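# Descriptive structure summary
Each chain is listed here by its residues.
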Amino acid sequence: MKKLGVILLSLGLVLGLTACGGSGEVQEPTNVTTGESTQNEEVSTEVTVTPNVENTNKEATIEETVILDESGIKVTAKGISYDSIMGPSVQLLIENNSGKDLTFQCRDTSINGNMVEPMFSVDVVNGKKANDTITFMDSDLEKYGIETIADITFSLNIMDSSSWEDYIVTPQIQLKTSAFDTYEYTYDNSGQVVYNENGIEVVVKGLATDSSLLGPGIVVYIANNSNQDITVQARDISVNGFMIDGIFSQDVVVGKHALSEVTFLESDLEQNGITNIENAELAFHIFDKESWDTIVDTDVVKITF
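Residues numbered from 1 in each chain as written. Predicted model: local features only at pLDDT ≥ 70, side-chain atom pairs only at ≥ 80, totals over all residues. Heavy atoms only, no water.

### Some thoughts on the side chain of Lys143
Examined against the element boundaries, Lys143 turns out to sit in helix H2 (residues 138-144). From its side chain, Lys143 meets the backbone oxygen of Leu259 in a polar contact 2.8 Å long. (Helix = DSSP H or I, 4+ residues; strand = E, 2+ residues; numbered from the N terminus. Polar contact = N/O pair within 3.5 Å; in protein donor to acceptor, adjacent residues only side chain to side chain.)

Now the structure itself:
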């Protein structure tokens, strides 16, 4: 039933590996220079506040809710489960009477206002139903220090299974759990602010040395309080004076936050004889997620560890 299950699982694991882990060692920058100005604010050495996601509050529930009922498609959120070894999951019942064979996926997903990459892709032929789940990685909960799920937001992307043309792309859907009314939303934006204009904040938090199997990375916090969905990428990256192709591209929809890493492949570091990251330089390219119009190209950020 899951046409892209294996591909998406592999992609999800790669994305999970490139994201920062909550229990990894984080070395704070001793100095960050943006353009001509130097900032020397004290930064946090901790990326998250929760070292072990097994302490997640499993009492948070959601009521059965119809989240989509149009154009021959009905999708019902049946509940939330904590039984998967990968992480918590939202149980969906999908009914397809559209006259088309369709593929259902989700995008722009967040938990408690924090961007996450769930696992979900299911094919449903015309006239059939399917029970499936949107599964969230424990590693995503851990890196944000999420102990209790208060709300989940996402957009359903429904495509023709043959042509891959969009059939329905929903606005953001919000599922509130039983913890929603009492949950206090907090976000850790401690670190060196390298950009903070037009409702967009980018903060360098430090160097994570053991949170990814791919290699070390610079931990970056992003808050999007602008009026447009954005993508943030890194360009012109160098480490210890050598040009390096870092891995980093983060979507952040309006009103949400993200914690990610500019990850360096161990093979690239070894090729340049780098055994210890002492400094790095990079610029951030921020653009509209849908139109790809440039919002800003930041000055080069110089970071010393």
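What follows picks up the thread again.
### Digging into the environment of Ile62
Here Ile62 lies in the loop between strand S3 (37-39) and strand S4 (65-70). Ile62 gets classed as buried once you look at its relative accessible area, which sits at 10%. (Buried < 20%, exposed > 50% of the residue type's maximum accessible area, 1.4 Å probe, protein only.)

### Description of the nonpolar core
Phe104, Leu156 and Ile218 are the most contacted members of the largest nonpolar core, which has 75 residues in total. Contact partners of Ile218, with chain neighbours within four places excluded, come to Val204, Gly206, Leu207, Ser260, Glu261, Val262, Phe264, Ala280, Leu282, Ile303 and Phe305. (Core = buried A, V, L, I, M, F, W, Y, C linked by side-chain atoms within 4.5 Å. Contact = heavy atoms within 4.5 Å.)

### Remarks on the pairing of strand S15 (residues 200-208)
Of all 9 residues in S15, 9 are buried, a share of seventy percent or more. Where strand S14 (residues 192-197) lies against S15, 5 bridges are found, and the strand directions are antiparallel. Residue Tyr195 lies in a different strand from S15, and its bridge partner there is Val202. As consecutive antiparallel partners, S14 and S15 are separated by 2 residues, and within that stretch Asn198 has a phi angle of approximately 55°, a positive value. Summarising the sheet, S15 and strand S16 (residues 217-224) pair through 8 bridges and their orientation is antiparallel. Directly across from Leu207, in S16, lies its bridge partner Ile218. (Pairing = 2+ DSSP bridges.)

### What about the sheet that holds strand S6 (residues 89-96)?
The 4 strands are arranged S4-S5-S6-S10 in an open sheet whose pairing can be described as antiparallel. Every interior strand has two partners, whereas the edge strands, S4 and strand S10 (129-135), have only one. The average angle at which neighbouring strand axes cross in this sheet is 20°, direction not considered. Here 7 bridges tie S6 to S10, and the two strands are oriented antiparallel to one another. When the sheet's bridge partners are listed, Ile94 is paired in S10 with Ala130. (Axes fitted to C-alpha atoms, helices over the stretch in contact; angles between N-to-C directions.)

### A closer look at the packing of aromatic side chains
Under the counting rule described, the total for this entry stands at 3 aromatic pairs. When the centroid spacing of 4.9 Å and the interplanar angle of 80° are considered together, the rings of Tyr183 and Tyr185 count as edge-to-face. A residue is classified by how much of its surface remains accessible, and Tyr185, at 32% relative accessible area, is partly exposed. (Phe/Tyr/Trp six-rings, centres within 6.5 Å; stacked < 30°, edge-to-face > 60°.)

### A short note on unusual backbone geometry
Notably, Asn198 is not glycine yet its phi reads approximately 55°, a positive angle. Looking at the element boundaries, Asn198 is found in the loop between S14 and S15. Non-glycine residue Asn240 carries a positive phi angle of around 55°. Examined against the element boundaries, Asn240 turns out to sit in the loop between strand S17 (230-239) and strand S18 (242-243). Taking relative accessible area as the criterion, Asn240 reaches 22% and is therefore assigned partly exposed.

### Some words on the pattern of salt bridges
Tallied over the full model, the rule gives 5 salt bridges. Between Glu64 and Lys78 there is a salt bridge, and its shortest N-O distance comes to 3.2 Å. Taken as a pair, Glu64 in the loop between S3 and S4 and Lys78 in strand S5 (residues 73-81) lie far apart in primary sequence, 14 residues in all. Judged by its relative accessible area of 36%, Lys78 is partly exposed. One salt bridge connects Asp188 with Lys205, and the closest N-O pair in it is separated by 3.4 Å. Highlighted residues: Asp188 in the loop between strand S13 (173-176) and S14 and Lys205 in strand S15, separated in sequence by 17 residues. By relative accessible area, Asp188 is classed as partly exposed at 34%. Three or more residues joined by partner-sharing salt bridges are found here, namely Asp108, Lys289 and Glu290. (Salt bridge = Lys/Arg side-chain N within 4 Å of Asp/Glu carboxyl O.)

### Re the confidence of the model for the chain
Interpretation of this model should avoid reading the predicted coordinates in detail wherever pLDDT is low. When pLDDT is averaged across the chain, the result is 86; 82% of the residues are at 70 or more. pLDDT under 50 marks residues 1-23. Its contacts with residues more than four places away, or in other chains, come to 43 contacts. (pLDDT = per-residue confidence, 0-100.)

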